[in-house]
Structure formats: structure tokens, C-alpha cells
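Structural features, examined
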Amino acid sequence: MDETSEVIRRRHEKARALADEDIDLYPNDFKVSHTVEAVRKHIDQLADAVDGTAMFAMAGRIVGLRSFGKAAFFHFRDYTGQLQAYVKQDEIGRQPYALFKQFDVGDFIGIKGVVFQTKTGEWTLLAKEIRLLCKAIRPLPEKFHGLRDPEKRYRQRYLDLVMNPNVRDIFIKRAHIVQAFRNFFLERSFMEVETPMMQPIPGGAEATPFETFHDALGMGLFLRIAPELYLKRLVIGGFDRVFEINRSFRNEGVSSQHNPEFTMLEFYQAYATHKDLMSLTEEMFGFVTQQVLGETHFKYQENTIDMTGPWRRLTLKDALIELGGIDPSILDDRERLLDFAGSQGIEIRKAKRVGKILAKLFDVLVEPKLIEPTFVVDYPVEISPLARRNSSDPNITERFELFIGGREIANGFSELNDPVDQRRRFLDQVANREAGDQESHYMDEDYVMALEYGMPPTAGEGVGIDRFVMLLTNAASIREVILFPQLKRTGQQKK
RNA sequence: GGGCCGUUAGCUCAACUAGGCAGAGCAGCUGACUCUUAAUCAGGAGGUUAUAGGUUCGAUUCCUAUACGGCCCA
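Numbering of residues starts from 1 in every chain and runs along the sequence as written. Lettering of chains starts at A and numbering of ligands starts at 1, both following the order in which they are written. Note on the predicted model: pLDDT of at least 70 is required for a residue's local features to be given, and 80 or more for side-chain atom pairs to be given and counted; whole-chain, interface and lining totals, by contrast, use all residues. The side-chain numbers reported here are obtained from all heavy atoms of the structure, hydrogens and water having been left aside.

Here we look at the side chain of E401
Note the threshold: A run of H or I in DSSP counts as a helix once it spans at least four residues, and a run of E counts as a strand once it spans at least two, with each numbered from the N terminus. Relative accessibility under 20% of the residue-type maximum defines a buried residue, over 50% an exposed one, and the middle range a partly exposed one, all with a 1.4 Å probe and only protein chains included. N or O atoms closer than or at 3.5 Å make up a polar contact, with two conditions inside protein: a donor-capable atom paired with an acceptor-capable one, and, for residues adjacent in sequence, both atoms drawn from side chains. In what follows, a contact means two residues having at least one pair of non-hydrogen atoms within 4.5 Å.
When you line up the elements, E401 lands in strand β16 (residues 399-404). Of the residues examined, E401 reaches a relative accessible area of 9% and is grouped as buried. In terms of polar contacts, E401 uses its side chain to reach the side chain of R399, at 2.7 Å. Residue contacts for E401: discarding those within four places in its chain leaves T374, F375, V376, Y379, E408, A410 and N411.

Here it is as C-alpha cells:
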């Protein structure tokens, strides 16, 4: 369809005409002396810019063009910003100006020139020389409305980034967020590591994994659903403070809240407890928010959220009673819980145990109400197979989850380092799996063996980076904060 | 997996409720124009209406299926 498009055909013809004039359409020998940002700084600080004697060699993409008979203004953009340029025949000569007339919005150009102020006061580069650096064959989307079609924005994110400055800002902010987390841990003597994404036994979360196959080893492998068990092996190996910021993969539905690959921060600290991590978490999110936004509160959708700690802490059961409206007397009664769930229209599949039912009720009834940062603690042991039991109540674990803006943002706990209990917990998970719960943990004897060599008392936590980026960028969909979100392939790509 | 909505020119959108020659702005093209900034003025061009069927004298419009996307629910 595109091939018959008038606009594209014209561009091809133009490119051919330029090539016939011995113009290189894709040269790479232009040397840039200044970015847009550097020129603006130069103007502020040095007189030679103002008196028009300083020469600048600049390059970028033409993003808007206003052409007259023998002169033209255009804006061009590099990665630091956008600047207006003024080209006139009197300055560059007849032949070069005739060539310049063949340039289009979307082309990359290199200009050498001096700066001046137009009568409206806008600093502008007056071209002494202008060269084509790359001829664009396809036209950019409409200049005023930009690119709106969500499908096109995701499939051709490069166009989205060229046309929509707010989208560009989201991903710049995302980079700053990740950098701020990284700095936070590096300042505290944590070591950044990379652990396997291809694992023989997927562990560290309750989720369905992707499967793949290694031909040479003749071995099935899973894409990791979490890095947890490998990071704890590193603590066993003597790296007392480690963190990893990287992708995990879960073979589940795609929605505005879920992408099959997503980014998690996980960190582990020896000789710390879940309570230490809760304090660290308050500090960490406060730090990152301050670094990125310059303040510790922000607006997310309808709500204003303040990240200043300390945050509210409540137990899972109290949350269910207070915010979920559940009668305290039924919390340990599986049948009555199922009845209650049914009365609320909440479907509980398979023969789930009390802990699972409580978690499900919490997801539906409580989670959306936790707008301000809130820690929920005291999770049942049967849904926390890797967490240390609470010293005073063996049925609950030393675990917390952090909720902000009605979503789970982090999950942390004191780690279970008793290998005997760990094996029992795995066996319990295996029984669940055999009872039909496909998300239950696998038995991982290799990990139990590692624990048998001794893991120091440790606490660890995982943070959903994409979700946190959504909060700080006020994004309603996870696709707005992932550069290339997963989409179905189109008919053309199918083969 | 289910429900609702969408897909029309390179891009942004009309033509809906009532089936009757598919329109506009931007981009592109031709011409004019050496301080414009969504430049302006004049002219001309651009379409397999997502795909495949059906109903009809006639379908962008009504019906069915499919593909892709969005929102909501599970």
C-alpha cells in the first residue's frame, strides 16, 4: 500500500535527482562541534556568539520547515534540543540553495554557521554551509497533531519518539529512575550483578514461565520469572549486598498492567531483616522520587501521592477487616471465606487454601484502596515459600508488600535460610502443583543444597520498576513506559 | 477467555443517528514570496473505506466471520 503512495514516490524521485547531481545521500564525514544545548550555553556565556563571529557546526533532523522564495527558516533537532536555522541564498549561494530546496522535513542535515537573534528574539543559526546527512524516504506524521494511533505508536516507537515530546520525556525519566535506584545501592556498598535469565528450574515467584530449548546441550530451559534464588546463592557465596536490575518473564496475559517481559529490581542484604528493609524502602523511594521529580510528592491519575515516610504498616488480616469489610471471625474458615468470596462475585478457582483465598480477596477488595504508600505485613506461610517464619507465629512470615497508587510495587522479606524447612516448603508447593495450581513453586534441590552450606541471616526485596515508572510519569498503561511493548504480530510479519 | 468500541489519503479527522458521486486540514506537488515559527496566498493531485463474504438496484454506512488495536471484566 505504501509503495503506491504519492508522497513516498516523490521522495524516491527527489533522492534519485540529488544522487544524479553527485550528492551523497548518506555521508558520514560531517563533524559536529556543538550540540543545541552547547550552543545555548555558549550564547549565555560568551560574547563572540552574540556578535556573530563564533562558528558552530551542528547537525540534526529537520522537524519543521517554512520556506520562502530565496530563504527559509526551519527547526532542527538533536538529542539535546531543538534550534531554529535560517538559510538564505545570499549567504550560501545559488547552487547550494537550489539543492537545499530539495531537502524535506525528516531529513538529517549538517549546518555550519553563526548565531543571531530574529526580530522576535529567537536565537537562530544563520547557515553559511548546509549539507544533507541523510535523506528520509518516508514522511513524518502530521506536525501539529503528531502520531495518535496507539498501535502505530507502539509498533513504530521511533516515530512516537520523534513526534511526541511527552513520550520522549517519559523514557528519559525512566532512565533517570533506573539510574537513581542504581546510585542508591552503589552508595550503600551493594554490588550490581547479572544472574541467569535461562534457568533449568524457574523459581522466586509464583508464575507460569516461558519455556525454551538449548539444542547443543539438549536441554529444556525456562526464562526466569525472578532472579531471587540466584541472588541468594551469591549471598551464600559471600557477596553480602547484591542487586540486579533486569528483565523477568511471565507467560501470562497481556494488559494495560502486564507485559510478558518486565523489569525488576531485586536486592539482598545479609544481616538485615524485613523491618530493616521497610525502612530502607522508605528511604529508597523517597530518594528516587526526589532525584527524578525534585520533590517527594506527585499526582497520579486522580490522586496526589506523598512519598514522605514513615508509611502506614498494617497486617494482611487487619487490611482485610478494615478495608475489605470482612468479618474477622471468618478469616481462618475456608468454607465461610469461599462463601464470602462468592457473595462478592469473586471467583476462586480450584481447591485453594486459606492463604490463597485471603490473597485473592485482598487483591480485589483491598489493593485498589491502598493509594498512599502502605506496607502490608504478616503474609501466611503457605503463600510465602521462600520467606522466614515469624518467630512468634509460625503460620505467618516476616514478609511485607508495598502498595502505592492501588498497585503492588514491592515485595520483601526476611529470607528463609533453614534448609530443612525450605525443603518442606518446596514439597508443600509441589503438592499444590499436583493439586492443580500451575503457579506453585517447583522443587529446587540445587537451591536447598546451597542453603545447606549456610546462608547468613538475610533480607531481600523485589521492586517492579515498570509500575514505579508508571507512577512517576502518571502513565495509565504499562505500554506507555516500555519502549517496545509486546504486541501480536501482524499478518505481514507472519511467516 | 468474555463484553464494549475502533480500523477511511503518508498523518489527524469528517461522511453517525437516515444506505445514494468518500470530504477537510497538515504533509507532498506546481506557481508567488529573503525575519518565518501550526508561515501566507493561488492552483492542482492524492482512496482496493483493515480483510473475506452476505443483504441490496446501490454498502464507508446494515449483517456474519477473520485480523490487529483500545477500554473494561475474568
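Having seen the model, we can carry on.
Describing the pairing of β16
Regular strands place their side chains on alternate faces of the sheet. Stated precisely, the cut-off is as follows: Paired strands, as defined in this entry, are two strands with at least two bridges between them according to DSSP.
Burial within β16 is extensive, with 6 of its 6 residues counted as buried. Here β16 shows no split at all, with R399, E401 and F403 on one side and F400, L402 and I404 on the other all buried. Taken together, the 4 bridges between strand β15 (residues 374-377) and β16 define a ladder with antiparallel strand orientation. The residue of β16 that forms the bridge with T374 is F403. Of the strand pairs in this sheet, β16 and strand β17 (residues 407-414) are connected by 6 bridges, and their pairing is antiparallel. Its bridge partner lying in β17, R399 is registered against F413. Remark: 2 residues form the turn of the hairpin made by β16 and β17, two consecutive strands paired antiparallel; G405 in that turn has positive phi of roughly 65°.

A few points about the protein's contact with RNA strand B
Going by this rule: The cutoff for a nearby residue is simple: one of its non-hydrogen atoms must lie within 4 Å of the molecule or strand. Amino acids are sorted into nonpolar (Ala, Val, Leu, Ile, Met, Phe, Trp, Tyr, Cys and Pro), charged (Asp, Glu, Lys and Arg) and polar (every other residue, Gly among them).
D90, T120, K143, E151 and K488 are the nearest of the 43 residues found near RNA strand B. In the interface set of RNA strand B, defined as its atoms within 4 Å of the protein, sugar plus phosphate atoms amount to 61%. Separating a base nitrogen of RNA strand B from a backbone N or O atom of G69 is a distance of 3.4 Å. At the level of elements, α1 (6-20), β1 (56-67), β2 (71-78), β3 (81-88) and α6 (150-155) are the ones that each hand at least two residues to the surface near RNA strand B. When grouped by side-chain class, the residues that make up the surface near RNA strand B number 12 nonpolar, 11 polar and 20 charged.

Everything listed here is a matter of coordinates, which is why it stays silent on function.
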